[in-house]
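Close look at the chain arrangement
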Amino acid sequence: MPASPLPDPTLSRLAVDAVRVLSMDAVQKANSGHPGAPMGLAPVGYLLWTRHLRHNPANPEWSNRDRFVLSAGHASMLIYSLLHLTGYDLPLEEIRQFRQWGSRTPGHPEYGHTAGVETTTGPLGQGVANSVGMALAERWLAHRFNRPGHRMVDHHTWALCSDGDLMEGISHEAAEFAGHQRLGKLIWVFDDNQVTIDGGTDLSCSTDHEQRFRSYGWDVLRVDDGTDLAALDTALAGARAETERPSLVVVRTTIGYGSPGKAGSSSSHGAPLGVEEVGATKRNLGYPSRDPFHVEAEALAHWRETAAWGAGLEEEWRGRWEAYRAAHPVAAEELRAALAGELPAGWDADIPDLSAPPKPLATRVYSGQVLQGLGRRIANLLGGSADLAGSNKTTLPWEDNLLAGTPGARTIHFGVREHAMGGILNGMALHGGVRPYGGTFLIFSDYMRPSIRLAALMHLPVTYVFTHDSIGVGEDGPTHQPIEQLMSLRAIPGVLDLRPGDGPETAEAWRAALTYAGGPSFLALTRQAVAVIDRDEAAPASGLHRGGYVLLEADGGDPELILIASGSEVEVAVQARAVLQAEGVPTRVVSLPSWFLFARQPQGYRDEVLPPEVTARVSVEAGTTAGWTRWTGDHGASVGIDHFGASAPGAVLFEKFGITAEAVVAKARALARVPQPLPG
């Protein structure tokens, strides 16, 4: 932190008002946006970014920087103003192009799109959950790699949150988890402006947030006047000094501060102030210029001092890095590789051979065996489950549970908090240095869908272990039996779907997940045992990496019929093929464990697997049939389930609902030897 005292009040006021002016001018020019929160939070942003946040505007990727999360993503002009003023690569022209096509200043901050933006925030509550994951990753890396006299991982995570963030359920889940984990280098600054879009927060909320957070085990500080720079500075410093508990700094602000007609009103929340009100606000603030986007030269020079300070911080750290590398070369190389996202040599060497198990097992069991092999080789692979570890098979049994007293352990118990788990996993991936995974039942992926979608939007390498993937769940009944979830997840752009059908495919699914750099991936795994597939020698399970492949070829010539299946229903397709072949119908079985990967293959390969001239195709999957015409064509057929399940043993449900070889054969008989052209 730069040395006290605070800068000259006149200079500080000019610097603070620069944020307000840039924010309201950008929103006015765009004719859309949220000016009120940035105007009220300008003093917090000023002090945090110039005195407390350890960062280097010249290098947004410096690994030991403090992380700043604007969880209230609608206040995006706050972070854009801060980035521009402190010297990040965000010139004034980008501020002028706020919310316009091709600009680096979209309506809500986007990770990977704007230098200095640590995460994509839009849905409220996501950012604060991300910050918990970032703080958890920082502590884990610090425990693993720091040595006496060498603190190479040592930074804070800050999140700025709104009333709306704290209303969202995910914030409760994440805050409780953070308090239990005693994440002492996590700080949330709460913008307590008591205004939402619809009006005052008293319309929908009467929570005592200070008591709430104290009950979670947080340290709580309060600033009653969000314009009091001395009080703010003291509170932020106090939060940094607290190392045993996460901190909540409650700051009472005035939304739209400075606007004579709209300050303190919801009318300043999500709409431009209006040209006349912008001018009136500048006059009310005593701002020296009415010109749009004007920043006084002395104020800008003051802001840019941050760049020199930040460069010095990183330079000092790099000197310490060289000393660390000399003293601990092995640890230094491991840390470098971890932060670079590199897998170690031989990372998959301990994956067991699952081609001939002593008895049929569920794919979730195979997954657990693979995960343990991976965990022995990939030291920074860590994760867990939302209170379903025994069912999801997500534990590394030789590892301790990751808790406040065991910060270097690798098995995380997220509790019954699927949504927070999703957001925390995203934060871990965003921080870097760890390979996060999390498990729950496939049906409960609905509870974490917003986090999965944001992981895809940010291209984060998060792995989800979704077990109990069909009506095979059995007696727990329709509330626990996923019908539409597989197809719904497949619809999210960039998500790698993996539904293996046996042990070898499960091993390859994990390999595919950990080498996919384009975003998150999920494994959909069975509760029930699956058959050991007697596959053709020419059809190794490595075909999974192409999404779909010929598992069993037609006997007696070219296929007249193709059965396409995934997961446990591959066994059903294999059984149906035997019947059809005996009836003289040359039948091919295609395993299609990943729509995403198969769709990315060259058209020539897809035509080899699914020849266009073979129009008799039947898909088999114990879920909704919606969407399967993509692979069967309009003249094919599907065996699936387009209604909710029931409570009964899984095998009974497959029979009662017609997910059987007999049902497949019946559909196939109606199609075979009746060629019809595929559309197009």
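Scroll up a little and you will see the structure.
What you see is a predicted model, and the numbers here were worked out from it, not measured in a lab.

The next subject is the overall build of the protein chain. On a plain count of helices and strands, the protein chain comes out with 24 helices and 18 strands. Whereas a compact globule of 680 residues would reach a radius of gyration of roughly 26 Å, the protein chain reaches 28 Å, a difference of no more than 12%. Expressed as lengths along the three principal axes of its C-alpha atoms, the size of the protein chain is roughly 90 × 60 × 45 Å. For the protein chain, contacts bridging at least 24 residues in sequence account for 76% of all contacts bridging at least 6. Of the roughly 24800 Å² of accessible surface on the protein chain, a fraction of 51% belongs to carbon and sulfur atoms. Within the protein chain, one finds 57 positive and 77 negative side-chain charges whose respective centroids are separated by 2 Å.

A few words now on the nonpolar core. Among the nonpolar cores identified, the biggest contains 72 residues, and Val132, Trp188, Phe213, Trp218 and Tyr464 are the most heavily contacted of them. With 11 residues, helix α5 (residues 126-145) is the single largest residue contributor to this core. Trp49, Leu53, Ala235 and Val278 belong to the second largest nonpolar core, which has 55 residues in total.

The next thing to look at is unusual backbone geometry. In the Ramachandran plot, arginine 182 falls in the positive-phi region, its phi being about 55° despite a non-glycine side chain. Note on placement: arginine 182 falls in the loop between α7 (169-181) and β3 (186-191). Backbone geometry at histidine 459 places phi at a positive 60°, although glycine is not the residue there. Of note, histidine 459 is situated in the loop between α16 (449-457) and β11 (463-467).

Next up on the list: the packing of aromatic side chains. Working definition: an aromatic ring pair is given by the centre-to-centre distance plus the angle between the planes. As enumerated under the stated definition, the model contains 22 aromatic pairs in all. Their ring planes at 70° and their centres at 6.2 Å tell us that tryptophan 62 and tryptophan 317 sit as a pair that is edge-to-face. A residue pair is termed long-range when its members are at least 10 positions apart, and tryptophan 62 in the loop between α2 (36-52) and β1 (67-70) and tryptophan 317 in helix α11 (residues 297-327) qualify at 255 residues. Grouping residues by exposure puts tryptophan 62 and tryptophan 317 together as buried. Within the aromatic cluster, the residues linked to one another by ring pairs are Trp595, Phe598, Tyr605, Trp628 and Trp631.

What counts and how
Throughout this description, residue numbers start from 1 for each chain and increase along the sequence as written. Confidence filtering applies because this is a predicted model: local features only for residues at pLDDT of at least 70, side-chain atom pairs given and counted only at 80 or more, and all residues used for totals across whole chains, interfaces and linings. Hydrogens and waters are ignored; side-chain quantities use all the structure's heavy atoms. Secondary structure follows DSSP: runs of H or I at least 4 residues long count as helices, runs of E at least 2 residues long count as strands, and numbering of each begins at the N terminus. Atoms considered for the radius of gyration are the C-alpha atoms alone. The globule rule reads 2.2 Å times the number of residues to the power 0.38. By definition, residues are in contact when any of their heavy atoms lie within 4.5 Å. Residue-level accessible areas treat just the shown protein chains as cover; the underlying method is Shrake-Rupley with a 1.4 Å probe. A residue counts as positive if it is Lys or Arg and as negative if it is Asp or Glu; His and the chain ends are not included. Charge coordinates come from a single atom per side chain, which is NZ of Lys, CZ of Arg, CG of Asp or CD of Glu. Each nonpolar core is a collection of buried residues, namely Ala, Val, Leu, Ile, Met, Phe, Trp, Tyr and Cys, held together in the definition by side-chain atoms within 4.5 Å. Partly exposed residues are those whose accessible area sits between 20% and 50% of the maximum for their type, while under 20% is buried and over 50% is exposed, using a 1.4 Å probe and protein chains only. By convention, a stacked pair of Phe, Tyr or Trp rings (six-membered ring in the case of Trp) has centres within 6.5 Å and planes under 30 degrees apart, an edge-to-face pair has planes over 60 apart, and any other such pair is tilted.

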